[in-house]
Amino acid sequence: MPIRLISRRLLQAIPLLLGVVVLNFALIQSVPGTFLDVMTAEQQVTDPALIERLRVTYGLDQPPAVQLLKYIGSVARLDFGYSYRHNLPVLDVILAHLPATLVLMLASIAIAVLVGMAAGIVSAVKVNTWWDSAVSAFAVLCFAAPSFWLGIMLIILFSVKLGWFPVGGMVTIGLDGGLWRQALDVLHHLALPAIALGLFYSAAYARVMRASMLEVSRMDYVRTAYAKGLTRAAVVLRHILRNAVLPIVTLLGLQLGAVLGGSIVIEAVFSWPGIGGVLFDSVMSRNYPVVLGILVLSSVVVIIANIIVDLAYTRLDPRIKAA
């Protein structure tokens, strides 16, 4: 069954990726200006003959439909073009920065799920108490505050005032030591951006978890478990929590794309060397092959993550069949 589900999801991903390529290519074509205009404005290229030669080299002299067909063919061969800004193939540029973004995404998702689920469980168990009110206030505050504002406030408090964490970056420049020390240094730099991004999304998990716990707690099998003499902790952990976590898994799959977009903003705040800075620089410099490559590979990451979520869903609830 997992093989069948994976195969079907991968087949469904092909037209989805094709749509991503076509849509983003059409949007980029509608934007005025090319990288040649930027190079001319920055006085990098002034010879009209050289500009025309570069236009022919990069295929900008061809109709947009021809450019699109050629780009789709090159993407099928995992060739995303060439970045004139980095003087490297686009795939090499993305792969050099994608791990940092993935680390930030995974850390922030882990914080969002753990904090949100814990807050939702406490709110459901202590419903209509001051605990419930505190969790609700926490969820509203985290959801209402933009992630970049949370990041700036964390920098001011924990970096500038207390000096506990570095202001930005991913590693300490010139750090000597083994692999373990370098890993701890990355975690030290990762703490604030992951918390800032994770707290923003934990609010949704807390509200969904609370509502799901309250709904499941009214089921017949929960009353039967209490009637059998099980303790409240046993009922909550073994009967209510396992069934109430299913909406959390669904929400996780839906929010992966949003977390990826939010990580780009956080990367700018904390100077995190992920694809966010590369994407921003590529948009400003009209380096569109890099922009298209990042969008396509980001779609691939989201598709793979959703396949994993589907597998987890079928594992948690055996009644769900591969659709």
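On a predicted model such as this, the values are computed, not experimentally measured, just so you know.

> Is there a simple way to think about the overall build of the protein in this case?
Of the regular secondary structure elements, the protein holds 13 helices and two strands. Here the C-alpha coordinates of the protein stretch approximately 85 × 55 × 40 Å along the principal axes. Within the protein, the proportion of its 323 residues that are buried is 40%. Accessible surface for the protein amounts to roughly 17,700 Å². Of this, 70% is attributable to carbon and sulfur atoms. A gap of 17 Å separates the mean positions of the 23 positive and 16 negative side-chain charges of the protein.

> Can you help me understand helix α4 (residues 64-76) in this one?
An α-helix turns once per 3.6 residues; consequently, residues spaced three or four apart project the same way. If you check α4, its first and last C-alpha atoms are 18 Å apart, about what 13 residues at 1.5 Å a residue would give, namely 18 Å. For α4, every residue scored as buried is listed here: Q67, L68, Y71, S74 and V75. Each buried residue of α4 sits inside an arc of 130° when the element is viewed along its axis, so together they form one side. In α4, the exposed positions angled more than 90 degrees off the buried face are occupied by A65, L69, K70 and A76. At the exit of α4 stands L78, carrying a positive phi of roughly 60°.

> Help me understand the environment of A118 in this model?
Tracing the sequence through the fold places A118 in helix α5 (residues 90-125). Put simply, A118 and M209 are 91 residues apart on the chain and 8.6 Å apart in space, counted from C-alpha to C-alpha.

> Just to check I follow, could you spell out the packing of helix α8 (residues 179-216) against helix α10 (residues 232-244) for this structure?
Each packed pair of helices is defined by two parameters, the angle between the axes and the distance between the axes. The contact between α8 and α10 brings their axes to 8 Å, and the two run at 120°. As far as their axial angle goes, α10 and α8 are oblique. In the crossing of α8 with α10, the sense of the turn from one axis to the other is right-handed. Residue-level inspection shows M209, S212, M213 and V216 of α8 in contact with α10, the latter providing V236, H239, I240, L241, N243 and A244. For the contact of α8 with α10, the class distribution of residues is seven nonpolar, three polar and no charged.

> Looking at this structure, I do not really get unusual backbone geometry. What am I missing?
Peptide bonds are mostly trans, and most non-glycine residues show a negative phi. With a phi angle near 60°, L78 is a residue other than glycine that sits in the positive phi range. Along the chain, the position of L78 falls in the loop between α4 and β1 (82-83). Judged by its relative accessible area of 60%, L78 is exposed.

> Looking at this model, I keep getting lost on the packing of aromatic side chains. Mind explaining?
Given two aromatic rings, their pairing is described by the distance between the two centres and the angle made by the two planes. In this structure the tally under the stated criterion is five aromatic pairs. Aromatic pair F158 and W164: ring centres 5.9 Å apart, planes at 40°, arrangement tilted. F158 sits in the partly exposed class, given a relative accessible area of 22%. For W164, a relative accessible area of 52% gives the class exposed. Connected via pairs of aromatic rings, a cluster forms that spans F158, W164 and F165.

> For this particular structure, what's the right way to read a nonpolar patch on the surface?
A surface patch of nonpolar side chains, about 490 Å² in accessible area, is lined by F148, W149, I152, M153, I156 and V265. Here the element with the most residues in the nonpolar patch is helix α7 (residues 147-161); it accounts for five residues. Along the chain, I156 falls in helix α7. On the basis of relative accessibility, which here comes to 37%, the residue I156 falls in the partly exposed class.

> Even after reading the chapter, I still don't get the environment of I109, so can you show me in this structure?
Note that I109 resides in helix α5. Residues I109 and L179, spaced 70 residues apart in sequence, show a C-alpha to C-alpha distance of 25 Å. Residue contacts for I109: discarding those within four places in its chain leaves L252, L256 and V259.

Parameters and conventions
- Residues numbered from 1 in each chain as written.
- Predicted model: local features only at pLDDT ≥ 70, side-chain atom pairs only at ≥ 80, totals over all residues.
- Heavy atoms only, no water.
- Helix = DSSP H or I, 4+ residues; strand = E, 2+ residues; numbered from the N terminus.
- Buried < 20%, exposed > 50% of the residue type's maximum accessible area, 1.4 Å probe, protein only.
- Areas by Shrake-Rupley, 256 points an atom, 1.4 Å probe, with all protein chains shown as cover.
- Lys, Arg positive; Asp, Glu negative; His and termini not counted.
- Charge placed at Lys NZ, Arg CZ, Asp CG, Glu CD.
- Expected span 1.5 Å × (residues − 1).
- Arc of directions from axis to C-beta.
- Axes fitted to C-alpha atoms, helices over the stretch in contact; angles between N-to-C directions.
- Parallel < 35°, antiparallel > 145°, perpendicular 65-115°, else oblique.
- Left-handed = near helix turned anticlockwise from the far one by under 90°.
- Contact = heavy atoms within 4.5 Å.
- Nonpolar A, V, L, I, M, F, W, Y, C, P; charged D, E, K, R; others polar.
- Phe/Tyr/Trp six-rings, centres within 6.5 Å; stacked < 30°, edge-to-face > 60°.
- Patch = residues over 30% accessible without salt bridge, like charges linked within 9 Å, V, L, I, M, F, W, Y side chains within 5 Å.
- Salt bridge = Lys/Arg side-chain N within 4 Å of Asp/Glu carboxyl O.

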